[in-house]
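Next come the chains, spelled out residue by residue.
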Amino acid sequence: MIKDIPVITIDGPSGAGKGEVSRLLAKELGWHFLDSGAIYRVLALVVIRKKIPQDEITFLINAAKNLDIKFTNNYGLAPRVVLDGEDVTQDIRHEECGNIASKIAAFIEVREVLATYQRSFCRSPGLVADGRDMGTVVFPFAKLKIFLTASVEERARRRLLQLQDQGLNATLGTVFADLAMRDKRDRDRIVSPLKPDADAIIVDTTKLSISEVLQQILAHVKSMQL
Ligand code: DC
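Heads up: these notes are all about the structure in this document. Please read all numbers here as calculations on a predicted model, not as lab measurements. Numbering of residues starts from 1 in each chain and follows the order in which that chain's sequence is written. pLDDT decides what is reported in this predicted model: residues at 70 or higher carry local features, side-chain atom pairs at 80 or more are listed and counted, and totals for whole chains, interfaces and linings draw on all residues regardless. Note: side-chain values were computed over all heavy atoms of the structure, leaving out hydrogens and water.

1. Describing the packing of helix 2 (residues 36-49) against helix 3 (residues 57-65)
Which entries qualify depends on this criterion: Between N-to-C directions, angles span 0 to 180 degrees; the directions come from axes that are lines fitted to C-alpha atoms, helices contributing only their stretch in contact. Numbering of helices and strands runs from the N terminus, with a helix taken as a DSSP run of H or I at least four residues long and a strand as a DSSP run of E at least two residues long. Each angle receives one of four descriptions, namely roughly parallel if under 35 degrees, roughly antiparallel if over 145, roughly perpendicular if within 65 to 115, and oblique otherwise. When the near helix sits turned anticlockwise from the far one by under a right angle, the crossing is termed left-handed; a clockwise turn instead gives a right-handed crossing. The contact rule is simple, with two residues in contact once any of their heavy atoms fall within 4.5 Å. Each residue receives one of three labels: charged for Asp, Glu, Lys and Arg, nonpolar for Ala, Val, Leu, Ile, Met, Phe, Trp, Tyr, Cys and Pro, and polar for the others, Gly being one of them.
Two elements in contact, helix 2 and helix 3, have axes whose closest approach is 10 Å; the angle formed by their N-to-C orientations is 125 degrees. For the element pair helix 2 / helix 3, the angle class is oblique. Note that helix 2 runs across helix 3; the crossing there is right-handed. Taking contact as the criterion, the partners of Leu-43, Val-46 and Val-47 in helix 2 are, on helix 3, Leu-60, Ala-63 and Ala-64. Per-class residue counts for the contact of helix 2 with helix 3 are six nonpolar, no polar and no charged.

2. Description of the sheet that holds strand 5 (residues 86-87)
To keep it simple, the criterion reads: By this definition, two strands are paired if DSSP reports at least two bridges between them.
The sheet built from three strands is open, its strands ordered 3-4-5 with antiparallel pairing. Strand pairing shows two members of the sheet lacking a second neighbour, strand 3 (69-72) and strand 5, which therefore form its edges. Relative to strand 5, strand 4 (residues 80-83) is paired through two bridges, and the arrangement is antiparallel. For Val-82, the partnering residue across the bridge sits in strand 5 and is Asp-87. Strands in contact with helix 2 are strand 3, strand 4 and strand 5; relative to strand 4, the strand with the most contacts, it is inclined by about 40 degrees.

3. A short note on unusual backbone geometry
Heads up, the condition is: Under the scheme applied here, a residue whose accessible area is under 20% of the maximum for its type counts as buried, over 50% as exposed, and between as partly exposed, the area being computed with a 1.4 Å probe on protein chains only.
Pro-125 follows Ser-124 through a cis peptide bond whose omega is 5 degrees. A positive phi angle is found at Asp-84, which is not glycine, with a value near 45 degrees. Structurally, Asp-84 can be placed in the loop between strand 4 and strand 5. The class for Asp-84 is exposed, based on a relative accessible area of 52%. Positioned with a positive phi, Gln-225 is a non-glycine residue whose angle comes to about 55 degrees. Within the secondary structure, Gln-225 sits in the segment after helix 9 (210-223).

4. Concerning the pattern of salt bridges
Definition in use: In the sections that follow, a salt bridge refers to a side-chain nitrogen of Lys or Arg positioned within 4 Å of a carboxyl oxygen of Asp or Glu.
Following the criterion strictly, the structure yields 17 salt bridges and no others. Its salt-bridge partner being Lys-145, residue Asp-197 comes within 2.6 Å of it at the nearest N-O pair. Placement of Asp-197 in the loop between helix 8 (172-188) and strand 8 (201-204) and of Lys-145 in strand 7 (residues 144-149) is noted, with a sequence separation of 52 residues between them. The shortest N-O distance in the salt bridge between Glu-154 and Arg-158 comes to 3.0 Å. Of this pair, Glu-154 and Arg-158 both sit in helix 7 (residues 152-165), separated by four residues, roughly a single helical turn. Since its relative accessible area comes to 15%, Glu-154 is described here as buried. Owing to a relative accessible area of 18%, Arg-158 belongs among the buried residues under this scheme. Each member of the salt-bridge network shares a partner with another, and the members are Arg-49, Glu-86 and Asp-91.

5. A look at the sheet that holds strand 1 (residues 7-11)
Sheet architecture is open: five strands sit in the order 2-6-1-7-8, paired in parallel fashion. Lying at the two open borders of the sheet, with one neighbouring strand each, are strand 2 (32-35) and strand 8. When strand polarity is set aside, the average angle formed by the axes of neighbouring strands in this sheet is 20 degrees. In terms of strand pairing, strand 1 meets strand 7 through four bridges, oriented parallel. Within strand 7, the position partnered with Ile-10 by the bridge is Ile-146. Sitting on the sheet, helix 1 (residues 18-29) touches strand 1, strand 2, strand 6 (127-131) and strand 7, and the angle it makes with strand 6 is about 175 degrees.

6. Some words on the packing of aromatic side chains
Here is the rule: Working definition: a ring pair exists when centres of Phe, Tyr or Trp rings (six-membered ring for Trp) sit within 6.5 Å. Plane angles under 30 degrees give stacked, over 60 give edge-to-face, the rest tilted.
Going through the model one piece at a time under the given rule, you end up with three aromatic pairs. Judged by centre distance (6.0 Å) and plane angle (90 degrees), the ring pair of Phe-139 and Phe-141 falls under edge-to-face. Take Phe-139: its relative accessible area is 0%, and that puts it in the buried class. Among the aromatic residues, ring-to-ring pairing joins Phe-71, Tyr-117 and Phe-121 into one connected group.

So this is what it looks like as structure tokens:
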């Protein structure tokens, strides 16, 4: 039974620190790791490459059902993402993919297909799941639900550094505007909007380092004896 496997969900907006914290937490616990945003981004990449109209739901569902994604070990770094045998780890991080991912993520039919795929990551000894609706919709039975937040200014600053690290071109102004627009779309959508579950623990990471956030979460894990 999937519900017998311990799951920790880490939800929140882009730039709140979910990705790195979730990955390090999974490593620390020796559990599996799910980057659900990467799956939405891969679907967005397929939509861009195959020129699938973003509002043609039948095409989107079909593309979602036929995704051939593999996450491969990247020796302590974020897993590499492989689509149809091609390494697309870098390609899916472009802002265009993030924006289209956020648009197609508003379709309930797309979310249902991807949620089924996301649940297949739930394997023994446990799963750390990173996303927007991990605690509210995909793994409502999770043992521990964390919701990370941070000011939009700080998230834009972090996102800019990430993009620069990846050698991608961007300015603080455009990253800020993109983030604010994506936040609004993710929060306002009718299906699975970005919001903390009633029993989620909210952690504001604006003034915290990754390791401080990780220590806070590990303290909860310990107190719950997970
Ligand atoms: O986490 P991210 O920035 O890589 O996610 C990209 C987009 O995918 C995000 O703006 C909204 C969507 N998404 C979602 O709707 N639900 C998730 N569980 C993860 C991502």
